[in-house]
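# Per-entry structural report
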Amino acid sequence: MGFVGLQEYVSIESALDSLFGSGIRITSMDRVSGGDINEAYRLTLTDGKRIFMKANRKENMPFFTAEAAGLAAIAGTGAIGTPGVLCVGTDEEGAGCSFLLMEWIEGNGRVKDYWEVFARQLAAMHRAETGGFAVEGKFGFSNDNYIGANGQANRVCGSWIDFFRECRLEPQFKRASRYFDAGGRKKVTKLLERLDDFLVEPEHPSLLHGDLWSGNVMTGNDGKAWLIDPAVYVGHAEADLAMTELFGGFPQIFYDVYREEAPMQPGYERRRDLYNLYHLLNHLNLFGRAYLPSVVRVVEKYIA
Ligand code: ADP
């Protein structure tokens, strides 16, 4: 599904013509490494301008409309930097591919107090009004999107705990069911039934990045942290914080300042692994059995 206001083009040339004026062409196209899902390129144009392009197979266009909607939502909070989306399109020439064009992030050095500023800006994003993304006071998002290459359902829901059960853990456990024997499945069912014993409803809903690990944070063109590659939805801000801790974590000063700006409800440390279980399950489903021991460890931490 597209979103209102986003132009969809039928070729990269027509996109460039209409974005930058006719006659503007690509003079070089350099592969950018680092992504898991898409091919990424730095395009240099005839006027010297640089833009960033992600490309994928034609049928994967929904990845890009979802990513564009996520970046637009983050930008819409006005709280934190994110690259400006230029357009999406399908290049009908040859085999055809779908593409997403956005602002090129040069990343020339960081501001002083980079991590403190990042923490304040993330807290501000988590405080932003969410009525434009889901119904006011509720959880979910206006459209479904992706977490890595897996679909992520975002049905709007009045309870965070129900949302996390029905739209996050349950679908991933279903996809992963072949990894569990009868005993394991029983524990998973029990965990899902007892989620209210472990999680809490937030004081207010927050727009989340949804896949907030260090690979999805870049030093932006203003020297501050910019968010890329989101899997946005409205949820409990703790879930974003938990994800930052899953693969190594940010410097302590980031967490200290975040907590000063947005005090956390007591017991976050007891909930953290349960939030991250979603991402571990997603990794199990995307990348295979190597993630099974971590998944089992978390399930057994909560359900002995
Ligand atoms: P994928 O969707 O395949 O996971 P990413 O969004 O992670 O791709 O992007 C791939 C890499 O491209 C990132 O690791 C980052 O280094 C770089 N990158 C992402 N967005 C931009 C941008 N707007 N400008 C410059 N480089 C970018």
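That block above? That's the structure.
Note that this is a predicted model, so its numbers are computed, not measured.

## Re the nonpolar core
Grouped together as the largest cluster of nonpolar side chains are 68 residues, with contacts concentrated most on F173 and L277. The contact partners of F173, leaving out residues within four places of it in the chain, are F180, V188, L191, L192, L277, L281 and V299. Residues I24, L43, M53 and C87 belong to the second largest nonpolar core, which totals 14 residues.

## Side note on unusual backbone geometry
One non-glycine residue with positive phi stands out, namely D113, at about 60 degrees. You can call D113 partly exposed: its relative accessible area is 38%. Phi is positive for D229, close to 50 degrees, though the residue is something other than glycine. By the element assignment, D229 lies in the loop between β11 (225-227) and β12 (233-235). Residue classification places D229 among the partly exposed positions, given a relative accessible area of 29%.

## Quick look at the environment of G248
Structurally, G248 is set in the loop between α7 (237-246) and α8 (252-261). Take G248: its relative accessible area is 71%, and that puts it in the exposed class. Residues G248 and E8, spaced 240 residues apart in sequence, show a C-alpha to C-alpha distance of 38 Å.

## Observations regarding the packing of aromatic side chains
For any pair of aromatic rings, the description rests on two quantities: the centre-to-centre distance and the angle between the ring planes. One pass over the structure, following the stated rule, counts 22 aromatic pairs. On the numbers, 5.7 Å between centres and 80 degrees between planes, the contact of F164 with Y275 is edge-to-face. Taken together, the residues F164 in helix α4 (residues 160-175) and Y275 in helix α9 (residues 268-287) connect sequence positions 111 residues apart. The pair formed by F164 and Y275 is uniform in burial state, with each residue classed as buried. Ring centres of F287 and Y291 lie 6.4 Å apart, and the angle between their planes is 45 degrees; on these two criteria the pair is classed as tilted. For Y291, a relative accessible area of 25% puts it in the partly exposed group. An aromatic cluster of three or more residues is present, and its members are Y114, W115, F118, F250, F254 and Y255.

Rules and cut-offs
Residues numbered from 1 in each chain as written. Predicted model: local features only at pLDDT ≥ 70, side-chain atom pairs only at ≥ 80, totals over all residues. Heavy atoms only, no water. Core = buried A, V, L, I, M, F, W, Y, C linked by side-chain atoms within 4.5 Å. Buried < 20%, exposed > 50% of the residue type's maximum accessible area, 1.4 Å probe, protein only. Contact = heavy atoms within 4.5 Å. Helix = DSSP H or I, 4+ residues; strand = E, 2+ residues; numbered from the N terminus. Phe/Tyr/Trp six-rings, centres within 6.5 Å; stacked < 30°, edge-to-face > 60°.

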